Structure formats: C-alpha cells, structure tokens
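Working through the structure, step by step
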Amino acid sequence: MAVRPQHMHDGGIVERRLRPIYDWLDNGVNKKALQEAEKVLKKSPTLQAARALKALALLRLGKKCEAQAVLEALAEEKPSDDTTLQAMTISYRESQQLQKVCEAYEAAVRAEPGSEELHSHLFMAYVRVGDHRAQQRAALQLYRIAPKNPYYFWAVMSVVLQAKSTEDVSKKGILLALAQRMVDNFITENKMEAEQEARLYMMILELQEKWEDLLAFVEGPVYAQLVPGSTLQASIPYLRRLGRWRKLNLVCKDLLWENQDRWDYYMPYFDSVFELMKSDERDESDGSADDTAEKCHEFICSLVESVSAGRALRGPYLARLELWRRLAAHEAGGSAAALLGSARALCVQYLRVFAAKPCAVADLRPYLAIIPQQEREDHCRDFLTCLGFDENSEPDNAADIQRHVSCVCAWRLCAPPPDAAASLALAHALRAHYLRCVRAAPAPAAPAPTDSSPADAYATLAAHHYCYAAVQLQEAGPLVQALGVLELCARRSPAQPHAKLLLLAIYHMLGAGAAAETAFARLEAKHVQLASLGWLHAARLPAAAPALAPARLADVHTFYQHHAKDSVEQLTYAYKYGTFEKLVELGAWRARLEACAWAALVARERALLPPAAPPAAPPAAPPAAPPALDNRDLTVIVSWEPAQRRDEGLRARTFERDVAYLRLKDALVRALALCAEAAAALDNEHLLRQLDHCVDAFGAAMERCRCEYRAPEEDLSVCAPLPSRIFALVQSPASYGALYTCLLRVARAACERGEGGPGAGAGAVPRAVAALSAALRAARPALADLAPATLWHARDALEHLSNILEFAGVMTYVFGLCREVVTPTNSRKSSKKKASVSPERAGTGRALGEAGGEAAALLGEVRARLEAWPAAWAAPHLASGVEEQLAGEYRCPAAGQLERSYREALRHARDTLDDKIKYLKSMQ
C-alpha cells in the first residue's frame, strides 16, 4: 500500500495532485497509477514524490529497469521529505534492496540532522537489514535529539541483540554488561516508565544468569511500580533456579489459594514439595511449608473443599493425580497407594466429575499410563460404566452425549488393543451412535458452522477403529467406511478439524492425492501450517498426485522464501510497541524455518518434477542443505491407541529417514546442475571432476540406504507419518542407484572435450550408453510390473509409478542435454545445408539414439501396463456403509473422490509417458 503524504508545505496542492496516484496504487490498478504520475510530472517535472510513486508503479508493472533508473536518479538528489522517502522505501522493500533504504535515510539525516522522524525511520531501516551496531548508534542519536524512553531502550535492545548474535564469549559478556549498566543508570535516576522496560532488564540479567539480581529486582520497588500485583508470579522461576524451595513452596501456596485452577502454579509447588522431602533439614520455625507428602495431600484436599458447591475445578483433582504420579516415581508407588488410594480410582473419580467437559480425557491421558498395565486392562470397563453407560447406551442430550463420549474414549485408552473383528464391531457401533445423533438432529437443528457437536467424537473414534481393522486385515474396505462417516461429519460440522485431518490422512493411506488435496483445502490451513503439516500432505503429493504437486510445492516454497521479508516488518512493529521479547521469538522463529529439513526437500522436489524435454531451463544448483531441523507436528492427529502401543522413537526414526531421502535428492539435483554447467562451459575439467565425485557419492549413498532401510519397523498408523518414500526408491526391484549413475555417466561422457569437440572422447559415450542400456534391460521386468493387486496396495503402486516418472523426466532431460552437446549448432539451424560431423560425434549420436530407443521401449511397456490398473478400485471396494443407513438422505462423496483421484493420477502418468516416449523416439 502506498503511504500518503504527511507533511505538505504548499497548502495541500501537491496532496490533491498525488491523491489519485495513491488511490490507484492502493486498489492495485498500477497502469492507471503510472498514467496519473505522468500527468503530474508534466506539470511539475521536478516533484520528487510523484517520481517516487512513478517508480513504484513501474516496479509493480514488472518494469524493474525503468523503476530502478528513476530510483537511482532520486537517490542522487538525496531527498529528505517524508512522502518521497516512504514511497522509495516501499519500492526498495518490494525489490529486496533494503540496504538502499538505509542509504536514502542516511543522506536525509545528514540533510536534516535534527529531524526526529527521519532518525526513527533510519533506525527501522537498520532493523530491516539486521545491522544491530548501526541500530545502536541510530537509537542513541535519536535519544539525544528527543530524550524519550523508547528510543533509549531501542539502543539497549540493539546491544542485547549484538550479544546474542556473537559467538565470542568474552565479547558477549562485555556487551551484556554494557546493556545492564545502561539500564542501571535509568533505575538509579528513577526514569523507568513501562513494563516492557522492566522485562528487557530481566532478559539482560537472565542472559548473564544473575539469578540473585533478578530476584532482588522482581521483589524490589521498581518492578512493583511498573508491574503491580505480579511480584509473586514473577519470582517463581528465579526461586526455583536458586533452589529456595521453602520460599517457593509458600509463594505457590499463596497463589493457589487465590486461584485453585492455575496449573502453572501447581507444577512448581510439587517441585518444591519433593525437593523439601529430599532434604534432611526441617525448619521448625516455619511449619506452614509443605515438606511431606501428607502435608501436600492435606493442602490439595483443602483446595478441593474450598471450592464453592456446584463449581468443580479441574486443577485440585488433577493435582491429586500428579501427586500420585510423583510419589510413585519417588517411592515405587507404595506410599502413593497408602496415602491416596489407587490411581485407577482417582482417574475414575475425575471422569465422574468432569466427563461433561470435552477436555476430560485429554486431562486424564498422561495419568492413565501410571496405572499398572494389567490393572488398567482388567478394570478398563470401570471407565465406561462409571456413569451408568456402556458401549450400547443411547444418550439423548448434548451433555449426556459428551459424558458417554468421554467414558468410551477413556475405556479405549485403557483396554487391550482389539483384534480386527473387535475393532470393526466397535467401529460399526460408534458409527451407529453418530448416525442416530444425525437423524435426531436434522439440518435446521444441526450445529452452527462455527461449532462442533459432541457427537462428532463418535465419528472420529469410529474412523480410528476402522483404520485399526484395515491395518490388521490389510484391506481397504474399512478405510472406505471410515471415509464415509468422516465425510458426513465434515459436512455437518465444518469447524471440526479432527474429521478433516483424518480424511486427509486416510486419503493419503489409499494414495488418493486429488481427494487429499480437496480435504486439505477444506482444512483452511494457515501458511505456517505448510511447515508443521507438510509431512501430512505436501510431502506425499509428488507420489500420489504429480499433476497437483507443483502448485502445492510452489506455495510451500514461496512461504519459506518470503518468511524473511514478511518477518522484517514484524521486527519493526516489535520495536514500535516496545515488545522486546517478541524480537527474540521472531529471531528464533526465522532460524527454525531457515534450518527446516522440509523446506530443503521442497526445493529439490520441485527441481525433480518431470522436466520438459528438450531442456530449456537447466536446474540450478540448490544452496547447501541446512542443518536438518524437525518442525513436524506429529501430535496433530489424536491417537487412541493404549499406552503400551506408543512408540517413543517414532519421531527420531522417521525424521532420520526423511533426512536421508533429502540427501539423496540433493545429490541428484546437484549432479544434474553440474551436467548443465559442464555442457555450457568451454573449460569444464574442474566441473567434470566435481561431477565424478558427486555421481560416486550418490551411488554409494543409494547402496548404503538400500542396506540400511529395508522395511519400516513400525506398523501403518493413521496418526503417524506414512512410510518414508526412501523405501520405494532404494528397495525397488529395479536398481535406481544403477540407473541414475549410468545415466549421469552418459552425460559426463558427452560433456567431455575431445579433438572432435564435445562428446568426441574416444568411445567414452558409446561405453557409457552401453552400460545404461544394460541397466535399462535389467530393470525392464521390475519397472513394468507395478499394477496394484487391490485398493490397499494403490499407494505403494503409485509411489513406484512416481519414481518411474521422475526417472523418465531426468532421463529425457539428460538425453536432451547430450543431444544439444553432440549435435553441431549449424545442423540444428539449417536442414538444407548438411553440416560436417566428425566420426566420433556421429558415433556418439548413433549410440544416444539406440539408448533412446531402448528407453522408449521400456516406458512404452510401462504405459501399456497402466491399462490394467482400474480393476484395483472397482465398485465393490468403495461401499461406505453410510448412505444405506440414512435411507437416501445423504450421498457419500468418498467413492467418487477416490475414483477421480486415481483416474487423474493415471491420466497424468499416461500423458507424461507419451511425451517422454515421443521425445525419445525422435532421437533415433
């Protein structure tokens, strides 16, 4: 958005002239804005603001060179009026020339050294480029001109950021000591005015680990004046750091008496109790501190009793469970049972009181695991029947439905894992409960679009049990039934995220990428969730829906590319509003995104999507893969498997495989980029040496991964990532390691310079081509036999097919590159005049043609075998079981979504293979 003028010295005439330009720019009509700017400049050719706005319009029209010329001319004039400078700032920001903003305001400040506004803009310009030292200078100069607290603390924060960004320990200590002295001077002179200033001082002391000073400041008069009423809460982390457990205990007790439901007070309270229990010292003078389990239990009971009748609070009830858990870990459970009774009884009591709350089972989940497994399984039905329900109960109001749902969920978390038949039976029963609720609440009485219904949990829990049965039976039928009930749930409760997430996961379990894309669109995920949920959807699209993958991966790539530019403005807002803690958070956030393994994989996946042939735009060498950081949110789909089935090492194992897959893709893209560079370079010996090293490393990595990643160690689960695509790549019956290395060696041989020109090395290309042809013939039976036996195997088959399409794309790219290298330029330009071709080049061309024919025959056989695929998802597999029970009131879209997904995937595969075959045949 354009910035309107703020200071006019000509009675508003200029403002009236510029107003139409601002309006067109704000509305995105840049062509009109340019025309208006030209009109103004005809009357006032030297008007700097109009020229700056003209540059902005040109930039947004894509005329970067013209815009840059206007901006350079303006910069030479060194404007100092705010309107011109802000318009130039917008242009520089949109063209990613943030350093030019600093230069423009530096010149303006030299012209008007007493302008507070220009100095503040200069400071923000330094913020955008991350020059903390220059920020400090600008902020101090600003404070000298206008002695206001915010400006002074901008300088202090700039010193802190310098300390955080340095690796030199001694320099860091000096900078932090300087920042502390700067604030100490303000405290001494009684100039502190705002809460954020106090928090910045606390941040400085924390970075120096001066816990005594921190506690003294929090308990002192300055903090009490700036942040009234929060001294006790603020002292908790520092009392814990200093090990002052008795005082911490008393502070937490005082706070809990005021607010019995604050769980963040209970945890330090328990820490203090158990630390005092470990200590042999007893302070007889202060008997109010709880230094025994009995006193702790008595205090919790008094909290329960202090709550007014009819107003049950979860905190004290959960506190008893937390005390039981800690006592069990502290003394092997004997004293816990003697003091509090059985953990099972406490959990059942909690469920009786709070089952009507949707969060009841989530609260209980951490504590169900402390019940011994045998006891938990033997008495699991206590949770189901504690309120008089069983699995066949039919509650008829929202509160009782929520209670029944809570009891069923707690029962399933405690019960032993069911077999396939039991899972199906329970899933059918839960689906019947949900459909009964649907029939009881017709559309006018259905939940509002922004609300979720308690009955939705019946649908999601039924879907989980259908998935358990499908995994045990290795059949897709239960998954289709799960899709039926989830589609209905998502339609009736648009605000229900769990149903949409399960739809997304199950569609991907069946390899239905187009249906999954539709489910993801309904989820309305935020941009940041492209990072945390990438494992769930975007990472699977290249295999399940290659036609849709480019657009989704482009969205992800754009988010990662633009986050730095977007977060820069957030930094300036943090300074403007004095939220210094946000500056640290934003810095950590940027670092996490820049080191994200998923972001690196997206860039390589986009480069390897089947490229067009001949190669018009060679893939650029990607930046070095960053230190892999796992940003996945694996808890987004709630699991209802019992505690003994939870896999603590799942995150680490799956991430290790993803990183290995990233390294393979990275090596392949780098090798292709080196091939393109070697083909274009006249002196390419160093590039060929790099290519040799890259190909050897890639082949060795493929072989190492083939030996290490033989099969997934864990069972398929709807709550966990699907098996990594590295398994389909390295365990394929066709050796992709051999195929890719032979193919890259053909490109290397073609780029080798000989007396006859590129590709004229004595027999190098024919030998490489012969090795490639042999590898293609060896892989032909395995590559052609990929048809899925049933719908359950569709995902695996589509993953293998995607690997074939990727190899076909790389192969046609390499062959096109080799053809351009070995074919004389004048023979491509003129068909009338026959060019002279050396015998070596002619032999190279014939060898490439033969290899192209071999590759075309292989892809043709794959293309022919695709005709048998639709039998895998014939109609008998696609009965959802929902339409029959609703007697025609609802038509389930699951079957249509699946068929459409597979049909689009096959159509894309056929079209891609046809294009590749046509090009390869043209080489003969």
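Residues numbered from 1 in each chain as written. Predicted model: local features only at pLDDT ≥ 70, side-chain atom pairs only at ≥ 80, totals over all residues. Heavy atoms only, no water.

**Brief notes about the nonpolar core**
- Of all hydrophobic cores here, the largest spans 323 residues; its most connected members are Tyr434, Tyr507, Tyr575 and Phe815.
- Ignoring any residue separated from it by four or fewer positions in sequence, one finds Tyr575 in contact with Phe123, Met124, Val127, Gln135, Trp154, Met157, Ser158, Leu161, Phe580 and Leu583. (Core = buried A, V, L, I, M, F, W, Y, C linked by side-chain atoms within 4.5 Å. Buried < 20%, exposed > 50% of the residue type's maximum accessible area, 1.4 Å probe, protein only. Contact = heavy atoms within 4.5 Å.)

**Quick look at the packing of aromatic side chains**
- Scanning the model with the defined rule gives 24 aromatic pairs in all.
- Relative to Phe217, the ring of Tyr201 lies with its centre 4.9 Å away and its plane at 75°, an arrangement referred to as edge-to-face. In this pair, Tyr201 sits in helix α11 (residues 195-207) while Phe217 sits in helix α12 (residues 211-218), placing the two residues 16 residues apart along the sequence. There is no split in this pair, since Tyr201 and Phe217 are both buried.
- Ring geometry for Tyr740 versus Phe807: centroids 5.3 Å apart, planes at 80°, classification edge-to-face. (Phe/Tyr/Trp six-rings, centres within 6.5 Å; stacked < 30°, edge-to-face > 60°. Helix = DSSP H or I, 4+ residues; strand = E, 2+ residues; numbered from the N terminus.)

**Considering unusual backbone geometry**
- Despite not being glycine, Gln96 has its phi angle at roughly 60°, a positive value.
- Among the structural elements, Gln96 can be located in the loop between α5 (82-94) and α6 (98-111).
- In this structure Gln96 comes out as partly exposed when scored by relative accessible area, which is 49%.
- Positive phi outside glycine occurs at Asn190, with the angle close to 60°.
- Examined against the element boundaries, Asn190 turns out to sit in the loop between α10 (169-188) and α11.

**Topic: a positive patch on the surface**
- On the surface, a cluster of positive charge is made up of Arg16, Arg17, Arg19 and Lys43.
- The element that contributes the greatest number of residues to the positive patch is helix α1 (residues 13-26), accounting for three residues.
- Arg17 gets classed as partly exposed once you look at its relative accessible area, which sits at 34%. (Patch = residues over 30% accessible without salt bridge, like charges linked within 9 Å, V, L, I, M, F, W, Y side chains within 5 Å. Areas by Shrake-Rupley, 256 points an atom, 1.4 Å probe, with all protein chains shown as cover. Salt bridge = Lys/Arg side-chain N within 4 Å of Asp/Glu carboxyl O. Lys, Arg positive; Asp, Glu negative; His and termini not counted. Charge placed at Lys NZ, Arg CZ, Asp CG, Glu CD.)

**Looking at the confidence of the model for the protein**
- Residues at a pLDDT of 70 or more form 89% of the protein, whose mean pLDDT is 87.
- Segment residues 612-616: pLDDT under 50, and nine contacts once partners within four positions in sequence are set aside and those in other chains are kept.
- Between residues 828-834, whose pLDDT stays under 50, and residues either more than four places distant or in other chains, the model counts three contacts. (pLDDT = per-residue confidence, 0-100.)

**What about the pattern of salt bridges?**
- Considering all chains together, one arrives at 55 salt bridges under this definition.
- Between Arg240 and Asp271 there is a salt bridge; the shortest N-O distance is 2.2 Å. Taken together, the residues span a long stretch of sequence, with Arg240 in helix α14 (residues 231-242) and Asp271 in helix α16 (residues 263-278) at a distance of 31 residues.
- We note a salt bridge from Arg540 to Glu799, for which the minimum N-O separation is 2.4 Å. Highlighted residues: Arg540 in the loop between α30 (529-532) and α31 (541-544) and Glu799 in helix α40 (residues 794-822), separated in sequence by 259 residues.
- Residue classification places Glu799 among the buried positions, given a relative accessible area of 7%.
- One network of salt bridges, with partners in common, ties together Arg240, Asp271, Glu322, Arg325 and Arg326.

**Considering the environment of Asn149**
- Here Asn149 lies in helix α9 (residues 149-165).
- As for Asn149 and Met192, which are separated by 43 residues in sequence, their C-alpha atoms are 7.7 Å apart.
- Here Lys191 takes part through its backbone oxygen, which lies 2.6 Å from a polar atom of the side chain of Asn149.
- Among the polar contacts listed, one links the side chain of Asn149 to the side chain of Glu197, at a separation of 3.4 Å. (Polar contact = N/O pair within 3.5 Å; in protein donor to acceptor, adjacent residues only side chain to side chain.)

**A closer look at empty space enclosed by the protein**
- Evaluated as defined, the whole model comprises seven cavities of 30 Å³ or more.
- Considered as a void within the structure, the largest cavity measures approximately 490 Å³ in volume.
- Contributing to the lining of the largest cavity are 36 residues, with Trp535, Ala539, Arg632, Asp658 and Pro721 lying nearest its centre.
- For the lining of the largest cavity, the elements supplying multiple residues, two or more each, are α28 (497-509), α34 (597-608) and α35 (650-680).
- Among the elements that make up the lining of the largest cavity, the one with the highest residue count is α35 (seven residues).
- Split into classes, the residues belonging to the lining of the largest cavity amount to 21 nonpolar, six polar and nine charged. (1 Å grid on protein atoms, 1.4 Å probe; cavity = no way out; pocket = protein on both sides within 12 Å on 5 of 7 lines; lining within 4 Å. Points joined across faces, edges and corners; volume = space filled by probe spheres on them. Nonpolar A, V, L, I, M, F, W, Y, C, P; charged D, E, K, R; others polar.)

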